[in-house]
Amino acid sequence: MDALLAGLLALADVELLLLICAATAGGVLIGALPGLNATTGAALLLPFTITMDPVAAIAVLITIYCSATFAGAITAILINTPGTSASATTCIDGFPLAQRGQAGRALGMAAVSSTMGGIFSVLCLMAAAPLLARAAYNFAPPEYFALTLFGLSMLATIGGGSPVKNILAGAFGVLLATVGIDLLTTVERFTFGYAELSDGIGFVPVMIGVFGISELLTQASNLHVTRERITMKAIQLPSRADYAKTWRTILRSSGIGTFIGVLPAEGATVASMIGYNEAKRWSRTPEEFGKGAIEGIAGSEAANNSATGGAMVPTLALGIPGSPTAAVILAGLMVHGLRPGPTMFTEQAEFAFAIFWAMLLVNLLFFAVGLAGAKLFARVTLIPVTILWPVVFICSIVGAYALDQSMFDVWIALASGVVGFFMRRHGFSVVPLAIGLILGGMLETRLGQSMVMLDERWWLMFARPLTLFFLVLTALALFGSFVWGWARRRRTAGSTGE
Amino acid sequence: MTEPSAESAGRARLNRLLPPLAILAIAGIAYHLTTTFDRVPPILKRGIQPSDFPQLVIGLIAALSIWLLIRGRESAPRPLPSVVWVTMAVLLVFPILTAVDLFLALGVSAGALAACWGERRIPALLLVSVLIPVVVFLLFDLGFEIRFPRGLLTNLWYG
């Protein structure tokens, strides 16, 4: 309780509150710009936070996360292009509503359901994260190793792409994490004689490269795309009839989004897809979906915003990112010398609760900013790509340099950007690469510690119930879909044979 | 009519085979490098040798690449527009220009990117090639106290 109040008091600083307000506006701007999303925005702004104190820095990153996730709906509704991938399902009903002259109503519902979903998930975060941290407090290295492995195995399902390609990209990230001096044995690995590589490959330049510069190259290949833009008179709060129609959907999607967010590596995009599908499944008028159903917007937006709070549960309590943007925030925590994990709630409880309060505040702020400034933010979609992306390029390069004031990091960011672009072109998601790089070091350290603890008898891990539980979950995450598909094919073949 | 589809099938096959083969080649080189890592005496090895974990990961990468070689789906991504290659060329020239000055390189590259992407308005080109780099420089130098590498232009500021 003391930590809860101390966290609230830590936020009671005019400068910090102004910073959060500015970051909310910045986050809405980032989310409203097609091509830029919460992950890219957080990665680009991470270097700007290095001189701030940790509470302010992480509050800014989290503010960007929450407000950009909401703002993706603005472009989804007005130009049928999701500002972030998490708002892709909002297009399905948002744009038809806008075409019917109800853009303000659609945006109003997006703002309300986003806020309600966000607040629901932050309340869950405040309750669940300390409990999860307490449960994990007695984890030994084998449990941590198995948990990290489970987190990495969840990469298989990221982005809806090929699971094999996702795991391959994740493994490549883990391999990159082995570059530098091995902390356990002090042996140099893959350094090629470069002193800059002794400390390993920094994850901030890699993130700036794979999320910022590779997106620049992707945008270059989409220059011919033109978008129809719907004008909007003013944003409207939902009517009583709209609330009556959607409150169940908002509650259901908030629950779904929070749960999906808690799963390691799964983020707002998956949450919004499931939230939308469930809204349609439970609707009394499913035939309206796709033609401008207000429940569709509520289902999608409540789910994607509630995933943000859910994603912060494993990030803060276990040090395993709950989403791609949470991975950037995790990197931010590490850059500021903070150790996410169970000890955060005992040794830095005030900090953890300050972050929770900041998230709660942001959810109210983006509602206000969204209502007051939606029309203005809608205009940012008019910024020409010929100006926007060169500016992103400048910010990427300066951001990559600023963290360690090293030109080597700039080359890493450029190389990561080009590699990331070709990965995306060949169907590999770049998110697993970034998460693999962050978790790789932890995975190896925990494996080494486990081997020491178990006297190099690795098979003893299977004799530890919790370790076994996480290893079984890992196997299910990796092979579940294959086994399920195989069983279904056999059943279908069997019934056809009969 | 058959010629384009044969060409397209050839491209699809190349697209399926090229990434796993490239990854296998990288994995092979990486594995060779792991064999050159120093080994530590058993008393100091703290559970695993420095090469054990990378080799485990490389093994996984190789296995998954072979899976992709055998079971990967064939698809032909549309050819890259020339503007993408021009953009990459700008990214390639950027490091060379940094030898003169980082912010000169940023201004020239950002301006070149905007021009290559079709921007023809002089104020817009000046915005991305002059104003934005200057604002970013001042923000980081004065606001965050970040020192940038000395060069032709930054020397004017640093003295």
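Residues numbered from 1 in each chain as written. Chains lettered and ligands numbered in written order. Predicted model: local features only at pLDDT ≥ 70, side-chain atom pairs only at ≥ 80, totals over all residues. Heavy atoms only, no water.

A. Expanded view of the overall build of chain A. If you tally the helices and strands in chain A, you get 19 helices and two strands. For chain A, the C-alpha radius of gyration of 22 Å lies close to 23 Å, the compact-globule estimate for 498 residues. Structurally, chain A occupies a C-alpha span of about 70 × 70 × 55 Å along its principal axes. Buried residues in chain A amount to 62% of all 498 residues. Sequence separation of 24 or more characterises 78% of the internal contacts of chain A that already satisfy a separation of 6 or more. As presented, chain A carries roughly 18,800 Å² of accessible surface, and 65% of it is formed by carbon and sulfur atoms. A distance of 15 Å separates the average location of the 28 positive side-chain charges in chain A from that of its 27 negative side-chain charges. (Helix = DSSP H or I, 4+ residues; strand = E, 2+ residues; numbered from the N terminus. Rg over C-alpha atoms; globule rule 2.2 N^0.38 Å. Buried < 20%, exposed > 50% of the residue type's maximum accessible area, 1.4 Å probe, protein only. Contact = heavy atoms within 4.5 Å. Areas by Shrake-Rupley, 256 points an atom, 1.4 Å probe, with all protein chains shown as cover. Lys, Arg positive; Asp, Glu negative; His and termini not counted. Charge placed at Lys NZ, Arg CZ, Asp CG, Glu CD.)

B. Here's a closer look at the domain arrangement of chain B. Segmenting chain B into domains produces domain 1 (2-71) and domain 2 (82-158). Averaged C-alpha coordinates put domain 1 of chain B and domain 2 of chain B at centres separated by 37 Å. (Domains from an automatic or database assignment.)

C. Main features of the packing of aromatic side chains. Residue and element names in this part refer to chain A. Summed over all chains, the structure comprises 21 aromatic pairs over all chains. Look at phenylalanine 139 and phenylalanine 470: their rings are 6.0 Å apart centre to centre, the planes differ by 65°, and that puts the pair in the edge-to-face class. Here phenylalanine 470 lies in helix α19 (residues 465-497) and phenylalanine 139 lies in the loop between α6 (103-136) and α7 (141-153), a separation of 331 residues in the sequence. In this structure phenylalanine 139 comes out as buried when scored by relative accessible area, which is 16%. Owing to a relative accessible area of 9%, phenylalanine 470 belongs among the buried residues under this scheme. Between tyrosine 276 and phenylalanine 289, the aromatic rings sit 5.6 Å apart at their centres with planes inclined by 70°, giving edge-to-face as the arrangement. A residue pair is termed long-range when its members are at least 10 positions apart, and tyrosine 276 in helix α11 (residues 268-282) and phenylalanine 289 in the loop between α11 and α12 (294-318) qualify at 13 residues. (Phe/Tyr/Trp six-rings, centres within 6.5 Å; stacked < 30°, edge-to-face > 60°.)

D. Summary view of the packing of helix α8 (residues 163-177) of chain A against helix α18 (residues 431-453) of chain A. All names here are of chain A. For the pair α8 and α18, interaxial distance at closest approach is 6 Å and the crossing angle is 40°. Accordingly, the angle class assigned to the pair α8 and α18 is oblique. In this structure, the crossing between α8 and α18 has a hand that is right-handed. Along the contact surface, α8 presents Asn166, Ala169, Gly170, Phe172, Gly173, Val174, Leu176 and Ala177, while α18 presents Pro432, Leu433, Gly436, Leu437, Gly440 and Gly441. Across the contact of α8 with α18, the residue classes tally to eight nonpolar, six polar and no charged. (Axes fitted to C-alpha atoms, helices over the stretch in contact; angles between N-to-C directions. Parallel < 35°, antiparallel > 145°, perpendicular 65-115°, else oblique. Left-handed = near helix turned anticlockwise from the far one by under 90°. Nonpolar A, V, L, I, M, F, W, Y, C, P; charged D, E, K, R; others polar.)

E. Highlighting the side chain of Thr386(A). Considering the arrangement of structural elements, one finds Thr386(A) in helix α16 (residues 385-402). Look at Thr386(A) and you get buried, because its relative accessible area is 8%. Side chain to side chain, Thr386(A) and Glu119(B) meet in a polar contact 2.6 Å long. Setting aside residues up to four positions removed in sequence, Thr386(A) forms contacts with Ala114(B), Trp117(B), Gly118(B), Glu119(B) and Val128(B). (Polar contact = N/O pair within 3.5 Å; in protein donor to acceptor, adjacent residues only side chain to side chain.)

F. Spatial organisation of the side chain of Thr89(A). Residues and elements named next belong to chain A. Position of threonine 89 relative to the elements: it lies in helix α5 (residues 88-99). Taking relative accessible area as the criterion, threonine 89 reaches 10% and is therefore assigned buried. A polar contact is formed between the side chain of threonine 89 and the side chain of serine 300, at a distance of 2.8 Å. If we skip the residues at most four places from it in the chain, threonine 89 touches Ser272, Met273, Tyr276 and Ser300.

G. Expanded view of helix α2 (residues 52-71) of chain B. Residues and elements named next belong to chain B. Taking 1.5 Å of rise per residue, the 20 residues of α2 would be expected to cover 28 Å, and the 28 Å separating its terminal C-alpha atoms lies within 8% of that figure. Looking only at α2, the buried set comprises Phe53, Pro54, Val57, Ile58, Ile61, Leu64, Ser65 and Leu68. Viewed end-on, α2 has its buried residues packed into an arc of 130°, placing them on one side of the element. Along α2, exposed side chains directed more than 90 degrees from the buried face belong to Leu56, Ile70 and Arg71. (Expected span 1.5 Å × (residues − 1). Arc of directions from axis to C-beta.)

H. Structural detail: the interface of chain A and chain B. Contact with chain A, which involves 62 residues of that partner, is made by 65 residues of chain B. Interface area, chain A with chain B, both sides summed: about 5,500 Å², of which 84% is carbon and sulfur. Linking chain A to chain B there are zero salt bridges. Connecting chain A to chain B are four residue pairs in polar contact (both at pLDDT 80 or more). The set of elements that each furnish at least two residues to the side of chain A that touches chain B consists of α8, β2 (188-189), α9 (203-220), α16, α17 (407-425) and α18 of chain A. Per-element tally for the side of chain A that touches chain B: the top contributor is α16(A), with twelve residues. By residue class, the composition of the side of chain A that touches chain B is 43 nonpolar, twelve polar and seven charged. (Buried area = accessible area lost by both parts, 1.4 Å probe. Salt bridge = Lys/Arg side-chain N within 4 Å of Asp/Glu carboxyl O.)

I. Region of the structure containing unusual backbone geometry. Residue and element names in this part refer to chain A. Although it is not a glycine, phenylalanine 192 sits at a positive phi angle of roughly 50°. Along the chain, the position of phenylalanine 192 falls in the loop between β2 and α9. Phi at glutamine 405 takes a positive value of approximately 50°, unusual for a residue other than glycine. Here glutamine 405 shows up in the loop between α16 and α17.

J. Region of the structure containing the pattern of salt bridges. Scanning all chains against the criterion turns up eight salt bridges over all chains. Overlapping salt bridges bring together Asp182(A), Arg189(A) and Glu444(A) as one network.

K. Layout of a nonpolar patch on the surface. Residues and elements named next belong to chain B. Judged by side-chain polarity, Ile122, Leu126, Val130, Val134, Leu138, Leu142 and Trp157 come together as a nonpolar surface patch covering roughly 640 Å² of accessible area. Here the element with the most residues in the nonpolar patch is helix α5 (residues 122-143); it accounts for six residues. Classification of leucine 142 by relative accessible area gives exposed; the value is 54%. (Patch = residues over 30% accessible without salt bridge, like charges linked within 9 Å, V, L, I, M, F, W, Y side chains within 5 Å.)

L. Representation of the environment of Ala12(B) in the model. Looking at the secondary structure, you find Ala12(B) in helix α1 (residues 2-34). Spatially, the C-alpha atom of Ala12(B) lies 4.8 Å from that of Ser75(B), the residues being 63 residues apart in sequence.

M. Focus on α6(A). In this model α6(A) runs 46 Å from its N-terminal to its C-terminal C-alpha over 34 residues, within 8% of the 50 Å that 1.5 Å per residue would give. The principal kink in α6(A), of about 30°, is found at Leu125(A). (Bend = angle between axes of the 7 residues up to and from the residue.)

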